[in-house]
Amino acid sequence: MRKKYFYTHIIDTSTLSLELGDMDLTPKERLHLISLIDSNIHHEILDLILSELSPLDKKAFLTHLSSENHDKVWKFIKEKVGNIEEKIIKTAEDVKKELHKDIKKVKG
Amino acid sequence: MTKSHYKQLSSRWRARHQNLQRKLWGKHKEALDWLSNGHRQLISGSLGGLMLLTGQISNSLPAINVAKAQATITQKVDKEVFLISDLEHILPEDVRPLSTEEEQKISEILSRNYGIKVAPELEGKRLNRSYGFIGAEQHLTRYPGDNLSSHFDSGEDAKLYWQQGMAPGLGAWSYFALSKEELTKEDKDREEYYIAVQTFLSEDFNSRFTEYRDFYKYRKMLVVNPNNGRAIVADIADAGPAVWTGKHLGGSPEVMHYLERVDGSLKGPVLYFFIDDPNDKIKLGPILSLPNV
């Protein structure tokens, strides 16, 4: 089962999963690639949020993140960063575009 | 062309991910270091934290079934997370002696999680407490003439544990062996994984001295860092620390290293429970994996 993050409900990676599903990949390979997609998006989003926070707020955010209390994470970053939802969605979309391009290149 | 597609994509995305990690750590090093060092208990209890710090990405598709491998990793992490979470719900916020009810619950959790029967009291004997601050002890002299030059089996061990030095006196039970030639693997393990506990604070210690002495000698205890789930089977080989230190037990350099506990202002608590091992079946040392329970 894929891990849920505090932003999972606003990010849709199904287009990438479906595209991989159309490729000639074994289930194991597909699973591994999906985990790479998730991790790439996750790290971009973390960088986005951390870059918007002060040193002290970074630590508070990481503490909330570690507790996996998604409501607390959301409440905190909404208070600290303007339009954070839109920013997260845009960041994820940018990563998805890049990854789609990679798939296109590989497919030839 | 399955292999080619997969190889190309995984190679690109792994590289991308590694660059991201480097960038993340480069830009936010202070906060991430703070999380991984000062607040390790947080990340240890968190799958998200683990992923944040490790990347959680394998470098290549393993030869074995990936789904199975991931499930195994998840199960292991889940068990540790559940253990830490279970303990967190029972342990008090301050490091104080546990109540009988708390000890009972924790004994059950530890016994279940580690597959070892543990208890705060054995054969009608108990220490003054089962939850307390652990401090760093030094290496004990195992036989006459043992010193830092002869103490380590490998250069790596020496590098890791040299600086803690040798205790000026002998352990509570004197030497582990009468000579280097007579030193067995069991003796080595007993020194390597020893703890010092406040035997002298046991109830009626002075009036039951002989009884306690025989009971405590190399008695096995399960020592657990409740903040990261690390556990080690240790043996009692010394008495201490003194009450005024504010610490409640001491660990050998190897025990402290494995439990990821340090002395001084950053000292932290551990749980320490007797192991019921009448047939001497349980080996000393770290418990590296949780059994399937």
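Coordinates for the structure precede this section.
Described in the following lines is the structure provided in the data block. Because the structure is predicted, anything quoted here is derived from the model rather than measured.

A few points about the packing of aromatic side chains
At step 1: For the coordinates displayed, the defined rule picks out twelve aromatic pairs over all chains.
At step 2: On the numbers, 6.3 Å between centres and 85 degrees between planes, the contact of Phe6(A) with Phe61(A) is edge-to-face. With Phe6(A) in the segment before α1 (14–21) and Phe61(A) in helix α3 (residues 55–67), this residue pair connects regions lying 55 residues apart in the sequence. Of the two residues examined, Phe6(A) and Phe61(A), each falls in the buried class.
At step 3: Their ring planes at 80 degrees and their centres at 5.7 Å tell us that Phe6(A) and Trp74(A) sit as a pair that is edge-to-face. Here Phe6(A) is found in the segment before α1, whereas its partner Trp74(A) is found in helix α4 (residues 70–80), with 68 residues between them in sequence. In terms of burial, Phe6(A) and Trp74(A) fall into one category: buried.
At step 4: A network of ring pairs unites the aromatic residues Phe205(B), Phe209(B), Tyr212(B), Phe215(B), Tyr216(B) and Phe274(B) as a single cluster.
At step 5: The ring of Trp74(A) carries the charged tip of Lys78(A) above its face, separated from the ring centre by 5.3 Å.

Brief notes about helix α10 (residues 209–216) of chain B
Residue and element names in this part refer to chain B.
At step 1: For α10, the set of buried residues is Tyr-212, Phe-215 and Tyr-216. Projected down its long axis, α10 shows its buried positions confined to an angular sector of 90 degrees, all on one face.
At step 2: Residues of α10 that are buried make contact with β2 (121–122), β3 (125–126), β7 (231–239) and β9 (269–275).
At step 3: A positive phi of about 55 degrees marks Tyr-218, the residue just after α10.

Quick look at empty space enclosed by the protein
Residue and element names in this part refer to chain B.
At step 1: Here the structure, examined in full by the defined rule, presents two cavities of 30 Å³ or more.
At step 2: Each pocket or cavity is described by its volume, and for the second largest cavity that value is around 50 Å³.
At step 3: What lines the second largest cavity is Glu-103, Pro-120, Arg-126, Leu-127, Asn-128, Arg-129, Ser-130, Met-221, Tyr-272 and Phe-274.
At step 4: When its residues are assigned to classes, the lining of the second largest cavity shows five nonpolar, two polar and three charged.

Concerning unusual backbone geometry
At step 1: Across the junction of Gly240(B) and Pro241(B), the peptide omega takes the value -5 degrees, indicating a cis bond.
At step 2: In this fold, Pro241(B) is placed in the loop between β7 and β8 (249–251).
At step 3: In this structure, Asn83(A) takes a positive phi of about 50 degrees despite not being glycine.
At step 4: For Asn83(A), the location among the structural elements is in the loop between α4 and α5 (84–107).
At step 5: Phi angles above zero are rare outside glycine, and Asp280(B) is one such case at about 55 degrees.
At step 6: Note on Asp280(B): relative accessible area 49%, which makes it partly exposed.

Thoughts on the packing of α1(A) against helix α2 (residues 27–52) of chain A
Residues and elements named next belong to chain A.
At step 1: Their axes nearest at 10 Å, the elements α1 and α2 cross at an angle of 155 degrees. Overall, the two elements α1 and α2 adopt an arrangement that is roughly antiparallel. The way α1 lies across α2 gives a crossing that is right-handed. Facing α1, whose interface residues are Leu-16, Ser-17, Leu-20 and Gly-21, α2 presents Arg-30, Leu-33, Ile-34 and Ile-37.
At step 2: For the contact of α1 with α2, the residue count by class is five nonpolar, two polar and one charged.

Description of the side chain of Asp235(B)
Residue and element names in this part refer to chain B.
At step 1: Along the chain, Asp-235 turns up in strand β7.
At step 2: Of the buried charged residues, Asp-235 lacks a salt bridge, with Arg-190 as the closest side chain of opposite charge at 5.0 Å.
At step 3: With residues up to four places along the chain from it excluded, the contact list for Asp-235 reads Asp-189, Arg-190, Tyr-193, Tyr-194, Ile-195, Tyr-218, Arg-219, Lys-220 and Leu-284.

As for the pairing of strand β5 (residues 194–197) of chain B
Residue and element names in this part refer to chain B.
At step 1: Across the two faces of β5 the burial is the same, with Tyr-194 and Ala-196 and Ile-195 and Val-197 all buried.
At step 2: In the sheet, β5 pairs with β8 via three bridges, with the strands oriented antiparallel. Residue pairing across strands places Ala-196 opposite Gly-250, the latter belonging to β8.

Cut-off values and rules
Residues numbered from 1 in each chain as written. Chains lettered and ligands numbered in written order. Predicted model: local features only at pLDDT ≥ 70, side-chain atom pairs only at ≥ 80, totals over all residues. Heavy atoms only, no water. Phe/Tyr/Trp six-rings, centres within 6.5 Å; stacked < 30°, edge-to-face > 60°. Helix = DSSP H or I, 4+ residues; strand = E, 2+ residues; numbered from the N terminus. Buried < 20%, exposed > 50% of the residue type's maximum accessible area, 1.4 Å probe, protein only. Lys NZ or Arg CZ within 6 Å of the ring centre and 35° of its normal. Arc of directions from axis to C-beta. Contact = heavy atoms within 4.5 Å. 1 Å grid on protein atoms, 1.4 Å probe; cavity = no way out; pocket = protein on both sides within 12 Å on 5 of 7 lines; lining within 4 Å. Points joined across faces, edges and corners; volume = space filled by probe spheres on them. Nonpolar A, V, L, I, M, F, W, Y, C, P; charged D, E, K, R; others polar. Axes fitted to C-alpha atoms, helices over the stretch in contact; angles between N-to-C directions. Parallel < 35°, antiparallel > 145°, perpendicular 65-115°, else oblique. Left-handed = near helix turned anticlockwise from the far one by under 90°. Lys, Arg positive; Asp, Glu negative; His and termini not counted. Salt bridge = Lys/Arg side-chain N within 4 Å of Asp/Glu carboxyl O. Pairing = 2+ DSSP bridges.

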